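An overview of the molecular structure
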Amino acid sequence: MSSFVTEVLAHSGRLEKEDLGTRIGRLTRRVEEIKGEVCSMINKKYNEFLPSMQSAQDLVTQVDELCDDIDLLKSRVESEVQQDLHVSIAEFTQLKQQLERDTVVLSMLKQLQEFSTAIEDYNCALSEKKYVAAAQHLKKAQNCLKSLKSRKGFELQIFKSLSVELTIQKQNILYHLGEEWQKLAAWKLPTSKGQLLLKYIIRPLVFYPSLHALIDTHPDTVVFRFESVATELEHSSPPEVFTKIRLVLEVLQKHLLDLPLGDDLEDEKLSKIVLAEIVGDMIWEDLSECLIKDCLVYSIPTNSSKLEQYEEVIQSTEEFENALKDMRFLKGDTTDLLKYARNINSHFANKKCQDVIVAARNLMTSEIHNTVKISPEAKIVLPELPAPDEDNGLKMQKASKSLHNEMMNLDTENKLGEHSFSLPTCRISESVEKLMELAYQTLLEATTSSDQCAVQLFYSVRNIFHLFHDVVPTYHKENLQKLPQLAAIHHNNCMYIAHHLLTLGHQFKLRLAPVLCDGTTTFVDLVPGFRRLGTECFLAQMRAQKGELLERLSSARNFSNMDDEDNYSAASRAVRQVLHQLKRLGVVWQDVLPVNIYCKAMGTLLNTAIAEIIGRITTLEDISTQDGDRLYSLCRTIVEEGPQVFTPLPDENENKKFQEEVPVYVPKWMPFKELMLLLQASLQEIGDRWADGKGPLATAFSSGEVKALIRALFQNTERRAAALAKIK
């Protein structure tokens, strides 16, 4: 090393220069020499002074001259010393900087020598198949190169060459390790790349409950085999899956992975790491995700009563993680599975809410026409609700006693009927009945759940109804527009839901979590929306039916010139089609709509047809006798068959009372009958039915309408003029 430094310094041209100590010594000697000269000069002057001293004035003059000479000599000496000192310091600084640069160069040369030695040792170890030692030497070479690159101000081309060489050697050792691994672990699988252990062993064992791993141990080999055992289970339980995975990992750890990364005693931390830890770091994230998504998720209870049984799953999860830690596949601070398992209340709430929404949506997208009949006596069957807490119980007891006392004081005539606030008899979709049962069951589940779960379940029930409001009208849009029966059923469904929403929150508010007992446990705010949803759908269907009725009547050729056979045939066909349409609607809505809604709907449609016919006839300017007879015949057909469209109930005998009440539901029914009579009446009969504006004819028509009919029916005679004069 000394020869190398000598060469470097000689090369720099600085070896022959004196060091600072030598220079200072020389300057010191020079100062002493000057001092000697000063003393000699003083002695000489003194010797010259003694013989020539003549007076005191001469002595003073000589002394002054001597002092001036001394000052001059002193200044010269100080100047020379200062100058030499600055030169020496500058030379010293320059030499120091040169020494530092040379030290860096020497250090880099030493690291390059270490890199070269590490690569040579690596090649020797690799040739002897000492792969751990080879990896250690390669790591040492990498550290040397990293240190060289970290030095600022040295951008040498050799660094790039060394990096390329290091990369080549890394790939070389990886290739050799791959070859050795192929000899140790043989996969009888299709050619593929990736995580074979996860893809072909662990994942199948998790996903397929019928699959079991068998281990065949031989003196030199260990063989993994799969065996399929028939089972009806769709998913394996977590304890079973954990047992399968532990078996596989224990065999791998025992025969392949329980090896330290190296035996280098200088790197104690590295020597304590085994291959199992490396494999665990590589697969743990995917393994834990697989176990959660394909195993633990399906073990979450669907009922809060089974939450206590889940402790077994939590315990088996903890044992599984501890086993992996003992085998060093898992580090001590990793507890992903256990955290998931212990957070069961949150997972249960999330899964329950998700299951509720999925079940609700399936019901909403099922067929509407599968119906069940409900009546005021019908109630959703539920288990007995748990009693509220003691304080609330006392309040309810007092309230019920007070209400009972008030009821006892009411007169019999002021009491409401038993079914005053009940939903009338009608048909609703079977799916909607199940939907309401789902809502009740979910709220009942919330009464026995934790506060967090109760809140989530409560708002899931609210989300059910929001979802219904959005999904059903969209999913069944085409059928609701085309099929009047489905429109009626949908109307009933909405009214049925709205009816239950009125009291749904009140029934549970004292039994839910305290956080929900602040007035938020209500569904009343949803009631107007559901009523509007059902009403708008049915009214849209009513408008469509009205349009069809008017379209059919438009083909009656305004009911004019009935003496023409074609005109009469067209009018008769239009009337028949109207009656047929109304009867068909009466059948599809029969036993579906509540009786009062049914009668109002049929009455409105029949009234639309009758009003259109009245309007067409009263605007005719000329009605011959034959025209009148045929118009009378058409009107009689409607009067005779019109009441038959009122068949809200399957029993014909029960429908008679509704058919007799046609004038109640059809406002134009009596005017229509008056028009029919007027078409066959004489002038005298018309005058009698007018009765000075007090008769039934005056109630049905205005004086102008009656006069127009008289002018159309009768010729211009004095009798007609007299009759017209009476119509005022």
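Residues numbered from 1 in each chain as written. Predicted model: local features only at pLDDT ≥ 70, side-chain atom pairs only at ≥ 80, totals over all residues. Heavy atoms only, no water.

1. As for the overall build of the chain
Helix and strand counts for the chain come out as 28 helices and four strands. For the chain, the residues scored as buried account for 36% of the 728 residues in total. Residue pairs at least 24 apart in sequence account for 73% of intrachain contacts in the chain once pairs closer than 6 positions are excluded. (Helix = DSSP H or I, 4+ residues; strand = E, 2+ residues; numbered from the N terminus. Buried < 20%, exposed > 50% of the residue type's maximum accessible area, 1.4 Å probe, protein only. Contact = heavy atoms within 4.5 Å.)

2. A short note on the environment of lysine 373
Residue position: lysine 373 is located in strand S3 (residues 371-374). Separated by 56 residues in the primary sequence, lysine 373 and serine 429 have C-alpha atoms spaced 8.8 Å apart. What lysine 373 contacts, discounting residues up to four positions off in sequence, is Thr425, Cys426, Arg427 and Asp591. Within the structure, the side chain of lysine 373 is placed 3.1 Å from the side chain of aspartate 591, a separation counted as a polar contact. (Polar contact = N/O pair within 3.5 Å; in protein donor to acceptor, adjacent residues only side chain to side chain.)

3. What to know about the side chain of histidine 347
You can see histidine 347 is positioned in helix H12 (residues 344-364). Setting aside its immediate chain neighbours within four residues, histidine 347 contacts Ile300 and Tyr340.

4. Looking at unusual backbone geometry
Even without glycine at this site, arginine 328 takes up a positive phi of about 70°. Here arginine 328 shows up in the loop between helix H10 (311-326) and helix H11 (336-342). We classify arginine 328 as partly exposed; its relative accessible area is 32%. For asparagine 561, which is not glycine, the phi dihedral falls at a positive 50°. As for its placement among the helices and strands, asparagine 561 is situated in the loop between helix H18 (527-553) and helix H19 (565-588).

5. Quick word on the side chain of glutamate 277
Note on placement: glutamate 277 falls in helix H9 (residues 275-299). In this structure the side chain of glutamate 277 is engaged in a polar contact, spanning 2.6 Å, whose partner is the side chain of arginine 328.

6. Some points on the packing of helix H6 (residues 196-207) against helix H7 (residues 238-257)
For the pair H6 and H7, interaxial distance at closest approach is 8 Å and the crossing angle is 150°. Taken together, the axes of H6 and H7 lie roughly antiparallel to each other. Seen from H6, the contacting residues are Leu197, Ile201, Ile202, Leu205 and Val206; seen from H7, they are Val241, Lys244, Ile245, Val248 and Leu252. Split into classes, the residues belonging to the contact of H6 with H7 amount to nine nonpolar, no polar and one charged. (Axes fitted to C-alpha atoms, helices over the stretch in contact; angles between N-to-C directions. Parallel < 35°, antiparallel > 145°, perpendicular 65-115°, else oblique. Nonpolar A, V, L, I, M, F, W, Y, C, P; charged D, E, K, R; others polar.)

7. Description of the packing of aromatic side chains
Ring pairs (aromatic) are described by centroid distance and by the angle formed between their planes. In total, this model carries 10 aromatic pairs according to the counting rule given. Here a set of aromatic residues connected by ring pairs shows up, and it is made of Phe458, Tyr459, Phe465, Phe468, Phe523 and Phe530. (Phe/Tyr/Trp six-rings, centres within 6.5 Å; stacked < 30°, edge-to-face > 60°.)

8. Quick look at the pairing of strand S1 (residues 211-217)
Relative to strand S2 (residues 222-228), S1 runs antiparallel, the two sharing seven bridges. When the bridges of S2 are listed, leucine 211 appears paired with serine 228. Counting the residues that bridge the hairpin from S1 to S2 gives four residues. (Pairing = 2+ DSSP bridges.)

9. Here we look at the confidence of the model for the chain
Counting all residues, the mean pLDDT for the chain is 81, and 81% of those residues have values of 70 or more. With pLDDT under 50 throughout, residues 263-271 is counted as low confidence; its partners more than four residues away or in other chains account for six contacts. Note on residues 390-408: pLDDT under 50 across the span, and five contacts to partners over four residues away in sequence or across chains. (pLDDT = per-residue confidence, 0-100.)

10. A few points about the environment of asparagine 561
For asparagine 561, a relative accessible area of 45% translates into the label partly exposed. For the pair formed by asparagine 561 and glutamine 626, sequence separation is 65 residues and the distance between their alpha carbons is 9.0 Å. The residues contacting asparagine 561, other than those within four sequence positions of it, are Asn567 and Asp627.

11. Focus: the pattern of salt bridges
All told, the structure shown has 18 salt bridges when counted by the stated rule. A salt bridge links lysine 352 to glutamate 445; the nearest nitrogen and oxygen atoms lie 3.7 Å apart. One end of the pair, lysine 352, is in helix H12; the other, glutamate 445, is in helix H14 (residues 430-446), with 93 residues separating them in the sequence. According to the relative accessible area criterion, lysine 352 is buried, its value standing at 17%. (Salt bridge = Lys/Arg side-chain N within 4 Å of Asp/Glu carboxyl O.)

12. Here we look at a nonpolar patch on the surface
A cluster of nonpolar side chains, namely Leu275, Ile278 and Met282, defines an oily patch on the protein surface of about 260 Å² accessible area. Mapped onto the elements of the fold, leucine 275 is located in helix H9. Its relative accessible area of 30% is what places leucine 275 among the partly exposed residues. (Patch = residues over 30% accessible without salt bridge, like charges linked within 9 Å, V, L, I, M, F, W, Y side chains within 5 Å. Areas by Shrake-Rupley, 256 points an atom, 1.4 Å probe, with all protein chains shown as cover.)

13. As for the nonpolar core
Burial of nonpolar side chains together is a common tendency in soluble globular proteins. One finds Ile202, Phe465, Phe468, Leu501 and Phe523 to be the most contacted residues of the largest nonpolar core, which totals 86 residues. Residue-level mapping places this core at the junction of two domains, with at least three residues from each of domain 2 (195-257 + 274-333) and domain 3 (352-377 + 424-535). What phenylalanine 523 contacts, discounting residues up to four positions off in sequence, is Leu443, Phe458, Val461, Arg462, Phe465, Leu501, Leu504 and Gly505. (Core = buried A, V, L, I, M, F, W, Y, C linked by side-chain atoms within 4.5 Å. Domains from an automatic or database assignment.)

14. Points about H10
The end-to-end C-alpha distance of H10, which contains 16 residues, comes to 23 Å, matching closely the 22 Å that a straight helix rising 1.5 Å per residue would cover. All of the buried residues along H10 are Val313, Ile314, Ser316, Thr317, Phe320, Glu321, Ala323 and Leu324. On its buried side, H10 packs onto H7, H9 and H11. (Expected span 1.5 Å × (residues − 1).)

15. Re the packing of H14 against helix H15 (residues 451-475)
Interhelical geometry of H14 versus H15 gives an angle of 165° and a closest axis separation of 8 Å. As summarised for this structure, H14 and H15 are arranged roughly antiparallel, according to the angle between their axes. As H14 packs across H15, the resulting crossing turns out to be left-handed. Here H14 contributes Val432, Leu435, Met436, Leu438, Ala439, Thr442, Leu443, Glu445 and Ala446 to the contact with H15, which in turn contributes Ala454, Leu457, Phe458, Val461, Ile464, Phe465 and Phe468. Tallied by class, residues from the contact of H14 with H15 come to 14 nonpolar, one polar and one charged. (Left-handed = near helix turned anticlockwise from the far one by under 90°.)

16. Quick word on the environment of isoleucine 300
Tracing the backbone shows isoleucine 300 in the loop between H9 and H10. If near-sequence neighbours (up to four positions away) are discounted, isoleucine 300 is found in contact with Tyr310, Tyr340, Ile344, His347, Phe348 and Lys351.

17. Quick notes on the state of the cysteines
Here is the idea: a disulfide is a covalent bond, and it sits between the sulfur atoms of two cysteines. Taken as a whole and assessed by the stated rule, the structure comprises zero disulfides. Free cysteine cysteine 494: the closest other cysteine sulfur is in cysteine 537, separated by 7.2 Å. With relative accessibility at 0%, the residue cysteine 494 sits in the buried group. (Disulfide = S-S within 2.5 Å.)

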